[in-house]
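Notes for the structure review
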Amino acid sequence: MEERYNFTAIEDKWQKKWAEENAYKVVEGEDKPKYYCLEMFPYPSGNLHMGHVRNYSIGDVVARFKNMQGFNVLHPMGWDSFGLPAENAAIKHGVAPAKWTWENIANMRRQLKAMGISYDWDREVASCHPDYYKWTQWLFLQLFHNGLAYKKKAAVNWCPSCQTVLANEQVVDGACERCDSEVEKKALEQWFFKTTAYADRLLDDLEKLPGWPEKVKIMQENWIGRSEGARIKFTVKETGDDLEVFTTRHDTVFGVTYMILAPEHPLVKILTKGTEYEARAQEFIKNVQKLSEVDRTSTELEKEGIFIGAHAVNPLNGEEIPILIGNYVLMEYGTGAVMGVPAHDERDFKFAKKYNLEIRVVIQPEGPELKVEEMEEASTEDGIMVNSGDFSGLPNREGMVKIVDYLEKNNCGQRQINYRLRDWLISRQRYWGAAIPIVYCDECGLVPVPDQDLPVLLPEDVEFRPSGESPLKYSPEFVNATCPTCGKPAKRETDTMDTFVCSSWYFLRFCDPKNTEEAFNKDKVDYWMAVDQYIGGVEHAILHLMYARFFTKVFKDLNLVSVDEPFTNLLTQGMVLKDGSKMSKSKGNVVSPEEIIKKYGADTARMFILFAAPPERDLEWNDQAVEGCYRFLNRVWRLAFAYNEGIKGAQGEIGALEGADRGLRRLTHLTIKKVTEDVAGRFNFNTAISAVMELVNGLYNYKDKEQGTNMLVVKEAIESIVLLLAPFAPHITEELWYSIGYETSVHQEKWPVHIPETLAVDEVTVVVQVNGKVRDKIIVPVNMDKKAVEGLAKALPKVDEYLKGKDIKKVVVIPNKLVNIVVG
RNA sequence: GCCGAAGUGGCGGAAUUGGCAGACGCAGUGGACUCAAAAUCCACCGCCUUCAAAAGCGUGCCGGUUCGAGUCCGGCCUUCGGCACCA
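To keep things clear, this report deals only with the structure shown in the data block. Since this is a predicted model, take the numbers as computed values, not measurements.

1. Structural notes on the pairing of strand β10 (residues 227-236)
- Direction of pairing for β10 relative to strand β18 (residues 413-418): antiparallel, over a ladder of six bridges. The partner of G229 across the bridge, within β18, is Q416.
- By the bridge criterion, six bridges tie β10 to strand β11 (residues 242-247) in an arrangement that is antiparallel. Across the sheet, the residue bridging to I232 is V245, located in β11.

Rendered as structure tokens:
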């Protein structure tokens, strides 16, 4: 064994060996319980960043730990390799997206391997590979055949800079989440997945996920935005048209004093056509539509509206009320029309005050009687219904049920549940993505590509224009196809799929990555799924995690998989910060993983990133603290070196121990217990590492004592240190394991288990308090009689001082811990 | 505005069930080794008063429960995250 810790040589050596032996390959059905550990696969931007290092270090600890605990661990890695940056590189530098992507993958694979992560590289997948996207396309067709993929014209989010449409989830504060450009609304024919058909299950099944952070579940709940209410059918007096509204407060329907429509509502045109109101309505609509999405949906926007000359008839009391259009009503939610109840809705109240519309109280809450003249804001509380015909006198919650029953009986409304969630817009007007496998035929219309014609390959001989338009549109050999049904010339769909489609099923492909006959074999998927531990950034809390859940539920319904939730346990890691903010090129605070690995080694990098903070929390990068972890590994190395010969010769059972020997053994087993609990139970790797540091410190203290050394106890301590650190620092521990005489990998060893008897002590330190303040401590035999401890405590001179001249009111004795003497 | 999380030394963080606040690490101070330096090893390291001993104060703020509160309860403040004219 070398005296110096030469991390470069050690890490190279073991990485090569593990690769040669395919050390982390797994197959189904070994005689062990399965464990699927998955980290979110990266977009191959070209270089690993610290967020990746953190993500994959956490995952590797879990995977290696579970492996040592006797599980058959699936731990795969791949590439989310379709996406816009590849195309931008093509436009800017003239490199083909495929070439650019595969080179990036090669580089990042090399960097990942330098981290020594225990991936089964035989299962590597890349979503941009035809072997993969063939099945992405096949899965699209499954959705299509089951009515879950459809095309419609809709007002969609358009990013002018990315030259493509975006899903709702990809718009943040009215801007594109990728490039921050302000998003525009465009009316376009687009492909959608019917996520709304699964809204209730996506919501309800969150309850089946106790292993997910509450925060993420709440975010999804908000995003789905379920609200229960009623759909009520008013009629237009002048034309007899139906005018439906959605409301969650149908108990206030007797308080409706006007009706208000979204500017885009189809009835607006019909009702104003040829009337004196037409011009003013057009003008109003034009002004509203001039506003950006952000301004229009801002709560700051002054509420405005105009009367359009028509009236609606309230089905409950026959009243005629004016119909207006308003800038605060959204066409996309509910029916695009709202009943105005100024007395009991904040927005309606402000609006009615501004335009002098009638305000009528129909719910009287507890307290003084509401008087319209005195009201300064709407009353949204529960109460007793008043001015509500036959429903007057009922508590409003009861009235709600009665009213909706009445509506249903009289055919003028029904119970309705509304969701904020919209269908998932998956079309992208881009090249570097999985082509949507559809052709358009003049004769047969829209025709899906037959399975045997998949994949629809991306043409490589294409030109990228600086306009940013998809070259697929201008590629004749791509666009021109023959109709699969009638054989006549037809045109291919040129939109590609959102990359989130590719990442919504990769965890299934990992179960069976080389299958050429199917997307995945059901038995294999049933063996490995669900993912036992999923690890990634919280930025995917809504997008990826909801889409993946949606796909899994669809596949379950199609009998492709047996689980209905893909990820049993979810860990959302925090960001890696430098100088208080996220590492980014523009801020110039990026620390390169490659440089850190070069300078200190992968083991040090991993140790630091796991030690500096618990995984969910943001982590502040600190170069000096990295050195601290490097020092620690050196301390471990020197200990092993110092005792190397000694422990190789040590043989036999550890007998009865005393003094320092017994103390060291106890510390060893305490550490095993603590590390096991921290890693298995709570993923608190930082405290697990600090516990091992304490054992190392303890061993140094033991070494300094220079009494007789019990080599068996030392051997147990050192072996425990190596085993406990193996998931964290796989290279140095492997080297040390062989150095101290073993001939097989430390990573195939059993995780150590503490021996409870070694933790026993003869004496304990008991704290003595007077009125809750610590005044002294005593060392007493363990489990000493309460009365006896109390007697000893009272007799202490330091304690006695505080007792002098006072009455003892009470004495609390917690065995082996503390005595509290209460005096008055 | 609504929902959620967090607030502990100079810094990252620990305290898992209400029981010695500050484990472990970084930075800092002192010492050993060395001709010297680096590396290493050892010790100290919340604030305040103090030569010292000893005391007092201390987990964002105010109050409460308790023999005892970083931890539980009520009210606030600040920061971060999500949602937001969703009818």
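2. Description of the sheet that holds strand β28 (residues 576-578)
- With respect to topology, three strands assemble into an open sheet ordered β29-β28-β30, the strand pairing being mixed. Looking at which strands have only one partner, the edges of the open sheet turn out to be β29 (581-582) and β30 (619-620).
- Alignment of β28 against β30, held across two bridges, turns out to be parallel. Residue pairing for β30: L577 is matched across the bridge by E620.

3. Side note on the pairing of strand β26 (residues 533-537)
- Among the five residues of β26, five are classified as buried, and the element is accordingly described as predominantly covered.
- In this sheet, strand β27 (residues 570-573) lies alongside β26 in parallel orientation, the contact comprising four bridges. By the bridge assignment for β27, I535 is matched with L571.
- Considered for its hand, the β-α-β crossover made up of β26, helix α17 (residues 543-557) and β27 is right-handed.

4. Describing the sheet that holds strand β24 (residues 489-492)
- Reading across from one edge, β22-β21-β24-β23 is the order of the four strands in this open sheet, with antiparallel pairing throughout. Bordering the open sheet on either side are β22 (445-448) and β23 (480-482), each of which pairs with just one other strand. Averaged over all adjacent pairs, the angle separating strand axes in this sheet is 45 degrees, with direction ignored.
- In this structure, strand β21 (residues 438-441) lies alongside β22, joined through four bridges in antiparallel fashion. Of the residues in β22, the one forming a bridge with I438 is P448.
- Against the sheet, helix α5 (residues 130-145) makes contact with β21 and β22, and its axis sits at roughly 125 degrees relative to β22, the strand it touches most.

5. What to know about the side chain of Q364
- Assignment of secondary structure puts Q364 in strand β16 (residues 363-364).
- Here Q364 falls in the buried class, since its relative accessible area comes to 15%.
- Residues contacting Q364, with those up to four places away along its chain left out, are E369, L370, G383, I384 and V386.

6. Concerning the protein's contact with RNA strand B
- Lining the immediate surroundings of RNA strand B are 56 residues, of which K303, R347, R420, K674 and K777 lie closest.
- Backbone atoms, meaning sugar and phosphate, make up 65% of the atoms of RNA strand B lying within 4 Å of the protein.
- Here a phosphate oxygen of RNA strand B and a side-chain polar atom of Y333 are 2.7 Å apart.
- One of the side-chain nitrogen or oxygen atoms of N820 is found 2.6 Å away from a base oxygen of RNA strand B.
- For the surface near RNA strand B, the class distribution of residues is 22 nonpolar, 14 polar and 20 charged.

Conventions used here
Residues numbered from 1 in each chain as written. Chains lettered and ligands numbered in written order. Predicted model: local features only at pLDDT ≥ 70, side-chain atom pairs only at ≥ 80, totals over all residues. Heavy atoms only, no water. Pairing = 2+ DSSP bridges. Helix = DSSP H or I, 4+ residues; strand = E, 2+ residues; numbered from the N terminus. Buried < 20%, exposed > 50% of the residue type's maximum accessible area, 1.4 Å probe, protein only. Right-handed = clockwise from strand over helix to strand, strands pointing away. Axes fitted to C-alpha atoms, helices over the stretch in contact; angles between N-to-C directions. Contact = heavy atoms within 4.5 Å. Near = heavy atom within 4 Å. Polar contact = N/O pair within 3.5 Å; in protein donor to acceptor, adjacent residues only side chain to side chain. Nonpolar A, V, L, I, M, F, W, Y, C, P; charged D, E, K, R; others polar.

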